[in-house]
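One-letter residues, chain by chain:
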Amino acid sequence: SNLIIGLTGGIGSGKTTVANLFKQYDIDIIDADIVARQVVAKGAPALQQIQLHFGEDYLLPNGELNRTKLRHKVFQEPEAKQWLNTLLHPLIREEMITQCQQAKSPYCLLVAPLLIENSLFQTVDKVLVVDIPEQEQIKRTMTRDENTQAQVEAIMASQVSRQERLKHADFVIENTTGEQEQLPLKVEQLHRHFLKLIAK
Ligand code: ATP
């Protein structure tokens with residue numbers, strides 16, 4: 001595809017719900033979370049670099065990354081986190097771009113929870129934000145994940161604010177409770193609009 005639509009939104013806003021609706025139109029979806037796992041999959045060059053930098057014990061006996069150990073390490077040591085981000089962010093970005101370019105659908109969706117935080121809006125052509133009020137974000141995420149309010153609020157504090165995210169939006173899907181039945185129609189309208197953008 002030569003049109004990349006970045007889909008983002010805060011935790012629990014409804015990114016997955018919206019992306020699934022685009023799938024009905026056979027739109028290829030590239031998921032940033034999946035790509036982030038692919039670049040450190042068993043045998044990947046980045047995994048070797050992690051092993052060289054942090055030590056043999058960051059690999060599990062089956063050759064996969066010991067995520068728990070690495071998570072603890074970067075949580076405790078800012079320099080470790082810095083090193084890891086410097087290694088992985090460019091790789092993830094490159095891989096996402098490659099997968100978008102290889103997509104066969106007329107345009108593709110790049111679903112990235114941290115699109116704004118990681119400046120990926122520079123990589124995509126248009127930004128689509130799924131937006132809900134913060135109180136609903138908290139409620140939905142607590143219901144879905146059995147998290148406490150404090151846990152959800154901590155995650156939200158690590159993400160950009162609703163206002164900041166909306167500043168980068170070219171398109172907004174309101175996903176407030178009660179508007180769920182409107183979602184398929186909104187996605188259809190956006191789909192048609194994106195097709196028109198390509199035709200130009
Ligand atoms: P995350 O960032 O945590 O991956 P997400 O943005 O992908 O979340 P979803 O998983 O799509 O969000 O939605 C979060 C929860 O809210 C889900 O349990 C979903 O079923 C529910 N939900 C989605 N849209 C609505 C809506 N309009 N009204 C009520 N609940 C909704």
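No experiment lies behind these values; they were computed from the predicted model shown.

Conventions and cut-offs
- Residues numbered from 1 in each chain as written.
- Predicted model: local features only at pLDDT ≥ 70, side-chain atom pairs only at ≥ 80, totals over all residues.
- Heavy atoms only, no water.
- Helix = DSSP H or I, 4+ residues; strand = E, 2+ residues; numbered from the N terminus.
- Contact = heavy atoms within 4.5 Å.
- Core = buried A, V, L, I, M, F, W, Y, C linked by side-chain atoms within 4.5 Å.
- Buried < 20%, exposed > 50% of the residue type's maximum accessible area, 1.4 Å probe, protein only.
- Domains from an automatic or database assignment.
- Near = heavy atom within 4 Å.
- Polar contact = N/O pair within 3.5 Å; in protein donor to acceptor, adjacent residues only side chain to side chain.
- Areas by Shrake-Rupley, 256 points an atom, 1.4 Å probe, with all protein chains shown as cover.
- Nonpolar A, V, L, I, M, F, W, Y, C, P; charged D, E, K, R; others polar.
- Axes fitted to C-alpha atoms, helices over the stretch in contact; angles between N-to-C directions.
- Parallel < 35°, antiparallel > 145°, perpendicular 65-115°, else oblique.
- Left-handed = near helix turned anticlockwise from the far one by under 90°.
- Expected span 1.5 Å × (residues − 1).
- Bend = angle between axes of the 7 residues up to and from the residue.
- Buried area = accessible area lost by both parts, 1.4 Å probe.
- Salt bridge = Lys/Arg side-chain N within 4 Å of Asp/Glu carboxyl O.

Next up on the list: the environment of alanine 19. Looking at where alanine 19 falls in the secondary structure, it is placed in helix α1 (residues 15-23). Spatially, the C-alpha atoms of alanine 19 and lysine 42 are 28 Å apart, while their sequence positions differ by 23 residues. When neighbours within four sequence positions are excluded, alanine 19 is seen to be in contact with Leu7, Ile29, Leu109 and Val111.

Core analysis: the largest hydrophobic core is formed by 31 residues, its most contacted members being Leu88 and Met96. Of all the elements in the fold, those that place two or more residues in this core are α2 (32-38), α3 (45-54), α4 (67-76), α5 (78-102), β3 (108-111) and β4 (126-131). For this core, the element with the most residues is α5, which contributes seven residues. Counting contributing residues, this core receives three or more from each of domain 1 (1-27 + 105-200) and domain 2 (33-103). With residues near it in sequence (within four places) discarded, methionine 96 still touches Ile30, Ala32, Val35, Leu110 and Leu120. Val18, Leu21, Val187 and Phe194 belong to the second-largest nonpolar core, a separate cluster that totals 19 residues.

Looking now at the site of the ligand. The full set close to the ligand counts 14 residues, and Lys15, Thr16, Thr17, Arg144 and Asn175 are the nearest of them. Between a nitrogen atom of the ligand and a side-chain N or O atom of arginine 140, the distance comes to 3.4 Å. Within the side chain of asparagine 175, an N or O atom sits 2.7 Å from a nitrogen atom of the ligand. Burial of the ligand by the protein chains amounts to 76% of its free accessible area of 640 Å². For the shell around the ligand, the elements supplying multiple residues, two or more each, are α1 and α6 (134-145). Take the shell around the ligand: its biggest share by element is three residues, from α1. Here the residues of the shell around the ligand sort into one nonpolar, 10 polar and three charged.

One way to put it is that α6 packs onto helix α7 (residues 149-158) with a least axis distance of 9 Å and a crossing angle of 125°. Regarding the angle of α6 to α7, the classification is oblique. Every pair of crossing elements has a handedness; the one defined by α6 and α7 is right-handed. Contact residues: Glu134, Gln137, Ile138, Thr141 and Met142 in α6; Gln149, Val152, Glu153 and Met156 in α7. Its residues placed into classes, the contact of α6 with α7 shows four nonpolar, three polar and two charged.

The end-to-end C-alpha separation of α5 is 35 Å, in line with the 36 Å expected for 25 residues at 1.5 Å each. Of all the bends found along α5, the most pronounced is centred on asparagine 85 and spans about 25°. Residues Ala80, Leu84, Leu87, Leu88, Ile92, Met96 and Cys100 constitute the buried set of α5. In the core, the buried residues of α5 are packed alongside β1 (4-8), β2 (28-31), α2, α3, α4 and β3.

Attention shifts here to the domain arrangement of the protein chain. As assigned here, the protein chain comprises domain 1 (1-27 + 105-200) and domain 2 (33-103). A separation of 25 Å is found between the C-alpha centroids of domain 1 and domain 2. When the two sides are added together, the surface that domain 1 and domain 2 hide from each other amounts to roughly 800 Å², 61% of it contributed by carbon and sulfur. Between the two partners, domain 1 and domain 2, sit zero salt bridges. Put simply, domain 1 and domain 2 have two residue pairs in polar contact (both at pLDDT 80 or more) between them. Partitioning the side of domain 1 that touches domain 2 into residue classes produces five nonpolar, five polar and no charged.

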